[in-house]
Amino acid sequence: MRVDVVSIFPAYLEPLGLSLLGRAQRLGLLEVHVHDLRGWTEDRHRTVDDTPAGGGAGMVMLPEPWGRALDAVRRGEGPEGPVGSAVPARAEDGAADDDPVLVVPSPSGRRLDQRLVRELAGEPRLVVACGRYEGVDERVLVDAAARYRVLPLSLGDYVLNGGEVAALAVVEAVGRLLPGVVGNPTSLVEESHEDGLLENPAYTRPPVWRGQAVPDVLLSGHHGEVARWRRQEGLRRTARRRPDLLNALVAADPSALDAAE
Ligand code: SAM
């Protein structure tokens, strides 16, 4: 998968080079390019914002640098020209399914969840456009829809200063699902949200710590009992912390919890 991120704070994305995602890039499992939006400005001050049409507080990101940036990134270019692996040109017949997904972080976007993460992990190319200030001029998204599948995406119902934290979250959540990135793929399917539930509590050594013992069943060696305990504890935790998830699971499939009996 190739990911391009456009931001006025490229340094914000440096953690993408660390840990598992850094290793994934060194192994060629994931390709990430971070671009400075200001590289596509044409004035001396490298201006990327202006006052909002209609007045009001704050600033809005200008369409011109964003338009140039998204055109170039679509072709696999940064401000200085081609970067990374070659990208397929847009099909003449406008086969929109082949267009990269343009992730536009926004508090008014679709809420990111594990289902969407899985969808995105199946894409060969993502481009993330990190807004700042009051956001990006709306015409940029309308224009980009001719070359991208535009996906306004929210991390949750709160407001951040910019889209970079959302870019980090998307690339990390998606990147860890790519084949080979996480050493033991079984750990991916056993995680919270994969089956609509939260994961059970986890324990390790020592068997007793500050007066608290690891549940006996986990030390019993009975795989069937361990699996049953994990399922029940996952259910209990979901009911206590996220009853909305449990309700959604049962609404979608009334027999979803039968195996827990
Ligand atoms: N005026 C915008 C609104 O009320 O919808 C909020 C702009 S916010 C201060 C600046 C940028 O931060 C947004 O353009 C977006 O890129 C990012 N952002 C803020 N909250 C976000 C969230 N919950 N999810 C994803 N991105 C967010």
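Residues numbered from 1 in each chain as written. Predicted model: local features only at pLDDT ≥ 70, side-chain atom pairs only at ≥ 80, totals over all residues.

1. Remarks on the sheet that holds strand β8 (residues 125–129)
What counts, and what does not: Think of it this way: DSSP has to see at least two bridges between two strands before they count as a pair. Put simply, DSSP marks the helices as runs of H or I at least four residues long and the strands as runs of E at least two long, and each gets a number from the N terminus on. Helix axes are fitted to C-alpha atoms over the stretch in contact, other axes to C-alpha atoms as well, and angles between N-to-C directions run from 0 to 180 degrees.
Taken together, the 5 strands give an open sheet; going across it, the order is β2-β1-β8-β7-β9, and neighbouring strands pair in parallel fashion. The sheet is open, and its two edges are formed by β2 (31–36) and β9 (149–154), each paired on a single side. Across the sheet, the axes of successive neighbouring strands diverge by a mean angle of 30°, strand direction being ignored. Bridge count between strand β1 (residues 2–7) and β8: 5 bridges; the pairing is parallel. Residue pairing for β8: V3 is matched across the bridge by L126.

2. Some words on the domain arrangement of the protein
Stated precisely, the cut-off is as follows: Boundaries between domains were set according to an automatic or database domain assignment.
Assigned domains of the protein: these are domain 1 (2–175) and domain 2 (191–260). Between the C-alpha centres of domain 1 and domain 2 there is a distance of 37 Å.

3. Topic: the pairing of β1
Cut-off, in case you're wondering: Backbone-placed C-beta atoms define the burial measure: a residue is buried with 20 or more other C-beta atoms within 10 Å of its own, exposed with 12 or fewer, and partly exposed in between. Look down the strands so they point away from you; if the path from the first strand over the helix to the second goes clockwise, the crossover is right-handed.
Buried residues dominate β1, accounting for 5 of its 6 residues. Pairing of β1 with β2 involves 6 bridges; the strand directions are parallel. In the strand pairing of β2, V6 is matched with H35. With helix α1 (residues 19–26) bridging β1 and the parallel β2, this β-α-β connection has right-handed handedness.

4. Concerning the UniProt feature "binding site: S-adenosyl-L-methionine" (unreviewed entry) in the protein
As a reminder of what qualifies: UniProt positions are given in the numbering used here, feature names are shortened, and annotations may be inferred rather than shown by experiment.
Under the present numbering, the feature "binding site: S-adenosyl-L-methionine" (unreviewed entry) in UniProt falls on G131, L155, G156, D157, Y158, V159 and L160. Given 11 C-beta atoms within a 10 Å radius, G156 is considered exposed. Here Y158 shows up in the loop between β9 and α5 (164–175).

5. So, the nonpolar core
The condition is simple: By definition, a nonpolar core groups buried Ala, Val, Leu, Ile, Met, Phe, Trp, Tyr and Cys residues that connect through C-beta atoms lying within 7 Å of each other. Here, residue contact means that the backbone-derived C-beta atoms of the two residues sit within 7 Å.
Core analysis: the largest hydrophobic core is formed by 47 residues, its most contacted members being L102, V103, V128, A129, A167, V170 and V171. The element best represented in this core is α5, accounting for 6 residues. The contacts of V171, once residues within four sequence positions are left out, are V3, L16, L21 and V32.

6. Things to note about the site of the ligand
Threshold: Each residue receives a C-beta atom placed from its backbone. It is near a molecule or strand if this atom lies within 6 Å of it.
Residues in close proximity to the ligand total 19 residues, the closest being P105, G131, G135, L160 and G163. With 4 residues, the top contributor of residues to the shell around the ligand is strand β7 (residues 101–111).

7. Some thoughts on unusual backbone geometry
Omega for the peptide link from R205 to P206 comes to 0°, which places this bond in the cis form. Structurally, the position occupied by P206 is in the loop between α6 (186–189) and β10 (208–209). With a phi angle near 55°, S19 is a residue other than glycine that sits in the positive phi range. Since 11 C-beta atoms lie within 10 Å of it, S19 is described here as exposed.

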